[in-house]
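Spelled out, the chains give:
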Amino acid sequence: MAQIFITKNNLTAQKKSLELAKLGYDLMDRKRNILVHEMMSLAEKASTIQKDIDAAYVQAYDALEKAFMTLGDCSVFAECVPVDNSVELKIRTVMGVELPEISISEKTPRIYYGMNETNSQLDEAYIQFEKVKVLTVELAQIESSVMRLADAIKKTQKRTNALSNIMIPKFTATIKFISDALDEKEREDFSRLKVIKRQKL
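Just so we're clear, the structure is a prediction, and the values are computed from it rather than from any experiment. (Residues numbered from 1 in each chain as written. Predicted model: local features only at pLDDT ≥ 70, side-chain atom pairs only at ≥ 80, totals over all residues. Heavy atoms only, no water.)

1. Thoughts on the overall build of the chain
Right, on to step 1. For the chain, the count of helices and strands is three helices and two strands.
Right, on to step 2. Reading the helices (α) and strands (β) of the chain from amino to carboxyl end gives α-α-β-β-α.
Right, on to step 3. For the chain, the C-alpha radius of gyration of 34 Å lies well beyond 17 Å, the compact-globule estimate for 201 residues.
Right, on to step 4. The principal-axis extent of the C-alpha atoms belonging to the chain is close to 125 × 25 × 25 Å.
Right, on to step 5. By the burial criterion, 29% of the 201 residues in the chain qualify as buried.
Right, on to step 6. Within the chain, contacts between residues separated by at least 24 positions form 78% of all contacts whose residues are at least 6 apart in sequence.
Right, on to step 7. Split by element, the accessible area of the chain, about 14,000 Å² in all, is 56% carbon and sulfur.
Right, on to step 8. When the 30 basic and 29 acidic side-chain charges of the chain are each reduced to a single mean position, those positions are 20 Å apart. (Helix = DSSP H or I, 4+ residues; strand = E, 2+ residues; numbered from the N terminus. Rg over C-alpha atoms; globule rule 2.2 N^0.38 Å. Buried < 20%, exposed > 50% of the residue type's maximum accessible area, 1.4 Å probe, protein only. Contact = heavy atoms within 4.5 Å. Areas by Shrake-Rupley, 256 points an atom, 1.4 Å probe, with all protein chains shown as cover. Lys, Arg positive; Asp, Glu negative; His and termini not counted. Charge placed at Lys NZ, Arg CZ, Asp CG, Glu CD.)

2. Digging into unusual backbone geometry
In terms of backbone geometry, most residues other than glycine have negative phi values and most peptide bonds are trans.
Right, on to step 1. Of note in the backbone geometry, Met95 takes a positive phi value of approximately 50° without being a glycine.
Right, on to step 2. Its location among the elements puts Met95 in the loop between strand E1 (88-94) and strand E2 (97-103).
Right, on to step 3. Accessibility expressed as a relative area gives 37% for Met95, which makes it partly exposed.

3. Focus: the pattern of salt bridges
Right, on to step 1. Scanning the model with the defined rule gives nine salt bridges in all.
Right, on to step 2. Two residues, Asp29 and Arg32, come together in a salt bridge whose shortest N-O distance is 2.1 Å. Separated by three residues within a single helix, Asp29 and Arg32 lie in helix H1 (residues 8-71), roughly one turn from each other. Accessibility assignment for this pair places Asp29 and Arg32 in one class, buried.
Right, on to step 3. Across the pair Glu101 and Arg92 runs a salt bridge whose closest N-O atoms are separated by 3.7 Å.
Right, on to step 4. On the basis of relative accessibility, which here comes to 33%, the residue Glu101 falls in the partly exposed class. (Salt bridge = Lys/Arg side-chain N within 4 Å of Asp/Glu carboxyl O.)

4. Describing the pairing of E2
Right, on to step 1. Bridging between E1 and E2 involves seven bridges; their strand directions are antiparallel. Bridged to Leu89 within E2 is Ile102.
Right, on to step 2. Remark: two residues form the turn of the hairpin made by E1 and E2, two consecutive strands paired antiparallel; Met95 in that turn has positive phi of roughly 50°. (Pairing = 2+ DSSP bridges.)

5. Overview of the state of the cysteines
Right, on to step 1. Counted according to the given criterion, the structure contains zero disulfides.
Right, on to step 2. Distance from the sulfur of Cys74, which forms no disulfide, to the nearest cysteine sulfur (Cys80) is 11 Å.
Right, on to step 3. The exposure class of Cys80 is partly exposed, given its relative accessible area of 39%. (Disulfide = S-S within 2.5 Å.)

6. Structural notes on a negative patch on the surface
Right, on to step 1. On the surface, Asp52, Asp54, Glu106 and Glu138 cluster together to form a negatively charged patch.
Right, on to step 2. Turning to its location among the elements, Asp54 is positioned in helix H1.
Right, on to step 3. Judged by its relative accessible area of 40%, Asp54 is partly exposed. (Patch = residues over 30% accessible without salt bridge, like charges linked within 9 Å, V, L, I, M, F, W, Y side chains within 5 Å.)

7. Points about the nonpolar core
Right, on to step 1. Of all hydrophobic cores here, the largest spans 15 residues; its most connected members are Leu35, Ile49, Val97 and Leu149.
Right, on to step 2. Other than its neighbours up to four places away in sequence, Ile49 contacts Leu135, Glu138, Leu139 and Ile142.
Right, on to step 3. Counting residues in hydrophobic clusters, the runner-up holds 10 residues, among them Ile4, Leu163, Phe171 and Ile175. (Core = buried A, V, L, I, M, F, W, Y, C linked by side-chain atoms within 4.5 Å.)

8. Considerations on H1
Right, on to step 1. In this model H1 runs 91 Å from its N-terminal to its C-terminal C-alpha over 64 residues, within 8% of the 94 Å that 1.5 Å per residue would give.
Right, on to step 2. The positive-phi residue at the C-terminal boundary of H1 is Gly72, with phi of around 85°. (Expected span 1.5 Å × (residues − 1).)

9. A word on the packing of aromatic side chains
Right, on to step 1. With the rule as written, the count across this model stands at three aromatic pairs.
Right, on to step 2. A centroid spacing of 5.8 Å and a plane angle of 15° characterise the contact between Tyr57 and Tyr61, whose relative ring orientation is stacked. Linking Tyr57 with Tyr61, this pair stays in helix H1, spanning four residues, or about one helical turn.
Right, on to step 3. Judged by its relative accessible area of 32%, Tyr57 is partly exposed.
Right, on to step 4. The exposure class of Tyr61 is partly exposed, given its relative accessible area of 48%.
Right, on to step 5. An aromatic cluster is present here, built from Tyr57, Tyr61 and Phe129 joined pairwise through their rings. (Phe/Tyr/Trp six-rings, centres within 6.5 Å; stacked < 30°, edge-to-face > 60°.)

Written out as structure tokens, the structure reads:
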């Protein structure tokens, strides 16, 4: 233990530091629990969305395969579909952690290629790939949020552990050391005063 000045002022200061460390621990513990809860709810959503994406991909590729068999090369039709620039990014904050909010404007799919040279299989493939696009944006938002939350939880856990295992025990030990030393000093002073009184008599 480093050199500690055994004074009542120092004892009061150490007690205040201990109170602050305990308060910090409570806040960090609460923050960690909220972040874990947020991450678990997002992880459940991600699992559901992943299943939906997988199902949409199966239907889309099945329809595309049928379109290829009936129409041949479909890349010419794909080139008619314009690039979608409607993706927007915003930020929301949970306990000081910035999480992305990615959105894409969901609209009824519009057929951009001619109807004379195509068939319903190509339309179905297009509709399913549109669904995959929207779900992928949602999944990207969730996975990014989960990674950020996991990182924040890790850092919060480190701070919580430092307070719980290092700072709080350190302040507690220092307070005990100073209190014991002050008590011992008081006993010595009391004994000394008794001796002095006897000598005066």
